[in-house]
Amino acid sequence: MIDKLQKVARTIRFLRWPAVVVGVGCVALFVYTLVTSASAEGDRYLIPSIVGLCWALSTYALITAFHRVPPKADSSSRLFHRLLRALHRAWYWLIALVFFATSIGVIAVTWRLVIVWLADFGNNS
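Notes on the structure in this doc start here. (Residues numbered from 1 in each chain as written. Predicted model: local features only at pLDDT ≥ 70, side-chain atom pairs only at ≥ 80, totals over all residues. Heavy atoms only, no water.)

1. Focus: the overall build of the chain
Next, step 1: In terms of helices and strands, the chain carries four helices and zero strands.
Next, step 2: Mapped from its N terminus to its C terminus, the chain presents α and β elements in the order α-α-α-α.
Next, step 3: Computed over its C-alpha atoms, the radius of gyration of the chain comes to 20 Å, more than 25% above the 14 Å expected for a compact globule of 125 residues.
Next, step 4: Principal-axis analysis of the C-alpha atoms places the extent of the chain at approximately 70 × 25 × 20 Å.
Next, step 5: In the chain, which comprises 125 residues, the proportion classed as buried is 25%.
Next, step 6: Taking the contacts inside the chain whose residues are at least 6 apart along the sequence as the reference set, 74% of them involve residues at least 24 apart.
Next, step 7: About 8,600 Å² of surface is accessible on the chain, with carbon and sulfur atoms providing 71% of the total.
Next, step 8: Computed over 13 positive and 5 negative side-chain charges, the separation of the two mean positions in the chain equals 20 Å. (Helix = DSSP H or I, 4+ residues; strand = E, 2+ residues; numbered from the N terminus. Rg over C-alpha atoms; globule rule 2.2 N^0.38 Å. Buried < 20%, exposed > 50% of the residue type's maximum accessible area, 1.4 Å probe, protein only. Contact = heavy atoms within 4.5 Å. Areas by Shrake-Rupley, 256 points an atom, 1.4 Å probe, with all protein chains shown as cover. Lys, Arg positive; Asp, Glu negative; His and termini not counted. Charge placed at Lys NZ, Arg CZ, Asp CG, Glu CD.)

Next up, the structure:
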């Protein structure tokens, strides 16, 4: 699984800086909306900025965490080297489990926030 995540991270590595730009833009939009809004109608862009920030952070975390996953140790290596490599790969497995858990959380938060946003602002253009 971590080898597949590495392949995905290397495939989408060109999205690393756009994810940073989107994240900074979403934070700027969030702060701007908080500072300038005087009514509930003015809060129209709070929820999209939160969702955009969550996805930008998730994309950036995937790319940076799984860009370099250590390869499996070959059977000709010494025991200590194999154990060290297995321990290093186990750390990436733990990161992968945390990443999947937070991804499920981001999907759930996105779902709920989009429902709330559409209920509040979906019928008003």
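2. Digging into a nonpolar patch on the surface
Next, step 1: Nonpolar side chains collect at one region of the surface, where Met1, Trp93, Leu97 and Phe100 lie side by side and expose about 370 Å² of accessible area between them.
Next, step 2: As for its position among the elements, Trp93 is in helix H4 (residues 79-121). (Patch = residues over 30% accessible without salt bridge, like charges linked within 9 Å, V, L, I, M, F, W, Y side chains within 5 Å. Salt bridge = Lys/Arg side-chain N within 4 Å of Asp/Glu carboxyl O.)

3. Describing the environment of Gln6
Next, step 1: Tracing the backbone shows Gln6 in helix H1 (residues 2-11).
Next, step 2: What makes Gln6 buried here is its relative accessible area of 13%.
Next, step 3: Note: C-alpha distance between Gln6 and Ile63 (57 residues apart in sequence) is 8.2 Å.
Next, step 4: If sequence neighbours within four positions are ignored, Gln6 has contacts with Phe66, His67, Arg68 and Val69.

4. Here we look at the packing of aromatic side chains
Next, step 1: Here the structure, examined in full by the defined rule, presents three aromatic pairs.
Next, step 2: Ring geometry for Phe66 against Tyr92: centres 6.5 Å apart, planes inclined by 55°, an arrangement best described as tilted. Separated by 26 residues along the polypeptide, Phe66 in the loop between helix H3 (46-65) and H4 and Tyr92 in helix H4 bring together distant segments of the chain. As far as burial versus exposure is concerned, Phe66 and Tyr92 are alike and both buried.
Next, step 3: Three or more aromatic residues joined by ring pairs make a cluster, and in this case those are Phe66, Tyr92, Phe99 and Phe100. (Phe/Tyr/Trp six-rings, centres within 6.5 Å; stacked < 30°, edge-to-face > 60°.)

5. Some remarks on the nonpolar core
Next, step 1: Membership of the largest hydrophobic core is limited to nine residues, which are Ile2, Leu5, Ala9, Leu62, Phe66, Val69, Tyr92, Ala96 and Phe99.
Next, step 2: Mapped by element, the contributors of at least two residues to this core are H1 and H4.
Next, step 3: Aside from chain neighbours lying at most four places away, what touches Ala96 is Met1, Ile2, Leu5 and Phe66. (Core = buried A, V, L, I, M, F, W, Y, C linked by side-chain atoms within 4.5 Å.)

6. So, H4
Side chains three or four residues apart in an α-helix point the same way, a direct result of the helix having 3.6 residues per turn.
Next, step 1: With 43 residues, H4 should reach 63 Å at 1.5 Å per residue; the first-to-last C-alpha distance of 61 Å fits that figure.
Next, step 2: Those residues of H4 not exposed but buried are Arg89, Tyr92, Ala96, Phe99, Ser103, Val106, Thr110, Leu113 and Phe121. (Expected span 1.5 Å × (residues − 1).)

7. Looking at the environment of His88
Next, step 1: On the secondary structure map, His88 appears in helix H4.
Next, step 2: On the basis of relative accessibility, which here comes to 41%, the residue His88 falls in the partly exposed class.
Next, step 3: Here the alpha-carbon distance between His88 and Ile12, two residues 76 residues apart in the chain, equals 24 Å.

8. Structural notes on H3
Next, step 1: With 20 residues, H3 should reach 28 Å at 1.5 Å per residue; the first-to-last C-alpha distance of 28 Å fits that figure.
Next, step 2: Of all the residues in H3, the buried ones are Leu46, Ile47, Ser49, Val51, Gly52, Ala56, Ser58, Leu62 and Ile63.

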